[in-house]
Amino acid sequence: MCDIPGLLQSLRPEELAQLKQRGGDGVLEAPLVDAIDRAAGGPGEGRGYYVVRGQLYPAETRSYYLRSDVAAAVVEA
């Protein structure tokens, strides 16, 4: 189960600001995916907070986005 408030509290202020700037619906660049993973507990742990839209393969072309409920919480934070 995802702890969205806990994740938001674990993000650095500048990371949360970057997420807010995107309005919750922008593509997550690699540094933000890493930040979410770190805030969730380590490498790959943030996968429940973001999703892939579009093609899964090849992995290099994946685009990650915040889950809709996480995006809504970011905008409200």
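Think of each chain on its own: its residues are numbered from 1, step by step along the sequence as written. Totals for whole chains, interfaces and linings use all residues, but because this is a predicted model, local features are given only for residues with pLDDT of at least 70 and pairs of side-chain atoms are given and counted only at 80 or more. Calculation of side-chain values draws on the structure's entire complement of heavy atoms; hydrogens and water are dropped beforehand.

Thoughts on the nonpolar core
Next, step 1: The criterion is simple. A nonpolar core is a set of buried Ala, Val, Leu, Ile, Met, Phe, Trp, Tyr and Cys residues joined through side-chain atoms within 4.5 Å. Categorising residues by exposure relies on relative accessible area from a 1.4 Å probe, with only protein chains included: less than 20% of the type maximum marks a residue as buried, more than 50% marks it as exposed, and the intermediate range marks it as partly exposed. Among the nonpolar cores identified, the biggest contains 19 residues, and Leu 28 and Leu 66 are the most heavily contacted of them.
Next, step 2: Residue assignment for this core shows that the elements contributing at least two residues are α1 (4–10), α2 (13–21), α3 (30–40) and α4 (68–76).
Next, step 3: Helix and strand assignments come from DSSP, with helices taken as H or I runs of at least 4 residues and strands as E runs of at least 2, each series counted from the N terminus. Here the element with the most residues in this core is α3; it accounts for 5 residues.
Next, step 4: Residue contacts follow a heavy-atom distance rule, with two residues in contact if any of their heavy atoms lie within 4.5 Å. What Leu 28 contacts, discounting residues up to four positions off in sequence, is Leu 19, Val 33, Ile 36, Tyr 50, Tyr 64, Tyr 65 and Leu 66.

Some details on the pattern of salt bridges
Any two side chains of opposite charge can pair, on the condition that their charged atoms come close.
Next, step 1: When a carboxyl oxygen of Asp or Glu lies within 4 Å of a side-chain nitrogen of Lys or Arg, that pair is called a salt bridge. Under the counting rule described, the total for this entry stands at 4 salt bridges.
Next, step 2: Salt-bridge contacts for Glu 15 lead to Arg 12; the nearest nitrogen and oxygen are separated by 3.3 Å.
Next, step 3: Under the relative-accessibility criterion, Glu 15 is labelled buried at 8%.
Next, step 4: Connected through salt bridges with shared partners, the residues Arg 12, Glu 15 and Arg 38 form a single ionic network.

Some details on unusual backbone geometry
Next, step 1: Put simply, Tyr 57 and Pro 58 share a cis peptide bond, and its omega is 0 degrees.
Next, step 2: Residue position: Pro 58 is located in the loop between β1 (50–53) and β2 (63–66).

Focus: the environment of Val 74
Next, step 1: Among the secondary structure elements, Val 74 is positioned in helix α4.
Next, step 2: Along the backbone, Val 74 and Pro 58 are 16 residues apart, and their C-alpha atoms lie at a distance of 29 Å.
Next, step 3: When residues no more than four places from it in sequence are discounted, the contact partners of Val 74 are Leu 8, Leu 16, Leu 19, Lys 20 and Leu 66.

Thoughts on α4
Next, step 1: Looking only at α4, the buried set comprises Val 70, Ala 71, Ala 73 and Val 74. On an axial view of α4, the arc spanned by its buried residues comes to 160 degrees, and they lie on one face. Counted as exposed and oriented over 90 degrees from the buried face of α4: Ser 68, Val 75 and Glu 76. Taken from the helix axis, the directions to the C-beta atoms give the arc we talk about.

Some words on the packing of aromatic side chains
Next, step 1: A pair of Phe, Tyr and Trp rings is counted when the ring centres sit within 6.5 Å of each other, with Trp represented by its six-membered ring. The angle between the planes then sorts it: under 30 degrees is stacked, over 60 is edge-to-face, the rest tilted. A complete count under the given rule lists 1 aromatic pair for this structure.
Next, step 2: Geometrically, the ring pair formed by Tyr 50 and Tyr 64 is edge-to-face, given 5.3 Å between the ring centres and 80 degrees between the ring planes. Separated by 14 residues along the polypeptide, Tyr 50 in strand β1 and Tyr 64 in strand β2 bring together distant segments of the chain.
Next, step 3: Judged by relative accessible area, Tyr 50 falls into the buried class, the value being 6%.

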